[in-house]
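Single-letter residue listing:
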Amino acid sequence: MIRFAMKSTFLTFAVLFTAINLSYGEIKREDVLMAFTFAAGDGKIGQVADGILKDVSGNGHDGEFRQKPKWVKGVWGAGLEVGPAEVAWNAVTIPHTGDMDLKEFAIGAWVKAEKLVGDCCNMIVSKENWSGNKSRNYSMWMREPVIVGFITKDPFNDVQTGGIQITDGEWHHALGTYNGSDLTQYVDGVAHGKFLFGKQDPSFHSSERLHIGAMGPGGTGAGMEGVVDEVVIFNRGLTEHEVNSLMDQGLEKLLGYQAVDPHDKMATTWAGLKLAKDL
């Protein structure tokens, strides 16, 4: 009898734990175009970041540090401090490849900023040449409120939607997503801006390099001053639940880019066991 009760309890826990895992399981690795956890800066707080920034998605979109950005404390481990420099911008530049032209997308990042720099454009992520041929596939920037946008082909149109002000010196999760029919901006997991329209083609080809913390085409200005962490671009739009899963769990835990801390895993297991017991 006791043996049966124990078996039943653990069976309940197994089903419950599986359900918990599945509730955060919609996003898959193949949905990720590129991802940067900035784990290379762990243990290097205050030091200059140089060399190559690894794309942990495995898709090879490694970036090059421009000037001398610094490693600082982030939301999940280390973050990257970007901002003005004497010659160019303390940012990251990533070469263009064909898989970066997207029909759907989502751009996400943790951002911490106290002020805007000038009146344009405080770029968080930028893939565009707005000063030249006006090409843009997708970008996210702060011009208060935080904004995500893209260019449509026919008719030629600059489509944007905004969120809320985030230059208060606190960490905020910003994510813009386009699912083929609407463009939505989430700030801290809540939708604050939405643009609805009919059939459009957002994949206006842009062969420009992608920049984190600066604006294209050269990545030499119009960037943000502050800290970024967990920058990720998906090759499809995300649902509200998926946005919150990403914000709550982080890239490393949600997609397994690095091993989950064993203490954290133990805490999750105990929570599951306690919940199963209460049931």
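Residues numbered from 1 in each chain as written. Predicted model: local features only at pLDDT ≥ 70, side-chain atom pairs only at ≥ 80, totals over all residues. Heavy atoms only, no water.

## Concerning the environment of leucine 183
Piece 1. Note on placement: leucine 183 falls in strand 14 (residues 182-187).
Piece 2. Residues leucine 183 and glutamine 160 lie 23 residues apart in sequence; the distance between their C-alpha atoms is 7.7 Å.
Piece 3. If sequence neighbours within four positions are ignored, leucine 183 has contacts with Phe105, Val148, Gly149, Phe150, Val159, Gln160, Thr161, Thr177, Tyr178, Gly193, Lys194 and Phe195. (Helix = DSSP H or I, 4+ residues; strand = E, 2+ residues; numbered from the N terminus. Contact = heavy atoms within 4.5 Å.)

## Some points on the side chain of serine 139
Piece 1. Mapped onto the secondary structure, serine 139 falls in strand 10 (residues 135-142).
Piece 2. Engagement of the side chain of serine 139 in a polar contact is seen with the backbone nitrogen of lysine 127, the distance being 3.1 Å.
Piece 3. Within the local environment of serine 139, its side chain forms a polar contact with the side chain of glutamate 128, the two groups lying 2.6 Å apart.
Piece 4. Sequence-distant contacts of serine 139, that is, excluding residues within four places in its chain, are made with Ile107, Met123, Val125, Ser126, Lys127, Glu128, Ile147, Val148 and Gly149. (Polar contact = N/O pair within 3.5 Å; in protein donor to acceptor, adjacent residues only side chain to side chain.)

## A look at the state of the cysteines
Piece 1. Tallying each qualifying case throughout the model produces 1 disulfide.
Piece 2. Across the disulfide from cysteine 120 sits cysteine 121; the S-S distance is 1.6 Å. (Disulfide = S-S within 2.5 Å.)

## Digging into the pattern of salt bridges
Oppositely charged side chains can form a pair if their charged atoms are brought close together.
Piece 1. Under the definition given, this model contains 7 salt bridges.
Piece 2. In this structure, the salt-bridge partner of lysine 54 is aspartate 62, at a minimum N-O distance of 3.7 Å.
Piece 3. By relative accessible area, aspartate 62 is classed as partly exposed at 23%.
Piece 4. Here aspartate 182 ties to lysine 194 by a salt bridge, and the two come within 3.7 Å at their closest N and O atoms. Note that aspartate 182 is positioned in strand 14 and lysine 194 in strand 15 (residues 190-196), a separation of 12 residues in sequence.
Piece 5. Take lysine 194: its relative accessible area is 55%, and that puts it in the exposed class.
Piece 6. Linked by salt bridges that have partners in common, Asp31, Arg236 and Glu242 make up one network. (Salt bridge = Lys/Arg side-chain N within 4 Å of Asp/Glu carboxyl O. Buried < 20%, exposed > 50% of the residue type's maximum accessible area, 1.4 Å probe, protein only.)

## Brief notes about helix 2 (residues 240-255)
Piece 1. Compared with an ideal rise of 1.5 Å per residue, which puts 16 residues at 22 Å, helix 2 spans 17 Å between its outermost C-alpha atoms and falls more than 12% short.
Piece 2. The largest bend in helix 2 comes to about 100°, at glutamine 249.
Piece 3. Inspection of helix 2 places Glu242, Val243, Ser245, Leu246, Met247, Gln249, Gly250, Leu251, Glu252, Leu254 and Leu255 among the buried residues, and these make up the whole buried set.
Piece 4. Taken from the residues just after helix 2, glycine 256 is the one with a positive phi, measuring 70°. (Expected span 1.5 Å × (residues − 1). Bend = angle between axes of the 7 residues up to and from the residue.)

## Quick notes on the pairing of strand 11 (residues 146-152)
Strand residues, when the strand is regular, have side chains that alternate between the two faces of the sheet.
Piece 1. Counting buried positions along strand 11 gives 7 out of 7 residues, so the element sits mostly inside the fold.
Piece 2. Along strand 11, one buried face is formed by Val146, Val148, Phe150 and Thr152 and the opposite face, lined by Ile147, Gly149 and Ile151, is buried too.
Piece 3. Here strand 10 pairs with strand 11 via 4 bridges, running antiparallel. Bridge assignment links tryptophan 141 to a residue of strand 11, and that residue is isoleucine 147.
Piece 4. Note: strand 11 against strand 12 (residues 157-162), 6 bridges, orientation antiparallel. Within strand 12, the position partnered with valine 148 by the bridge is threonine 161. (Pairing = 2+ DSSP bridges.)

## A short note on the nonpolar core
Piece 1. Among the nonpolar cores identified, the biggest contains 41 residues, and Leu80, Phe105, Ile124, Tyr138, Leu210 and Ile233 are the most heavily contacted of them.
Piece 2. Broken down by element, the residue count for this core peaks at 4 residues, all from strand 8 (residues 105-112).
Piece 3. If we skip the residues at most four places from it in the chain, leucine 80 touches Phe38, Ala49, Phe65, Pro69, Lys70, Trp71, Val72, Val92, Gly226, Val227 and Val228. (Core = buried A, V, L, I, M, F, W, Y, C linked by side-chain atoms within 4.5 Å.)

## Quick look at the confidence of the model for the chain
Piece 1. When pLDDT is averaged along the chain, the result is 83; 82% of the residues meet or exceed 70.
Piece 2. Below pLDDT 50 for its whole length, residues 1-25 participates in 17 contacts with residues either more than four positions away or in separate chains.
Piece 3. Segment residues 259-279: pLDDT under 50, and 15 contacts once partners within four positions in sequence are set aside and those in other chains are kept. (pLDDT = per-residue confidence, 0-100.)

## What about unusual backbone geometry?
Piece 1. Here glutamate 144 and proline 145 are connected by a cis peptide whose omega angle stands at 10°.
Piece 2. Here proline 145 lies in the loop between strand 10 and strand 11.
Piece 3. The omega angle of the peptide bond from glycine 216 to proline 217 is 10°, so this bond is cis rather than trans.
Piece 4. Position of proline 217 relative to the elements: it lies in the loop between strand 16 (210-212) and strand 17 (226-234).
Piece 5. Unlike most non-glycine residues, glutamate 144 shows phi in positive territory, near 50°.

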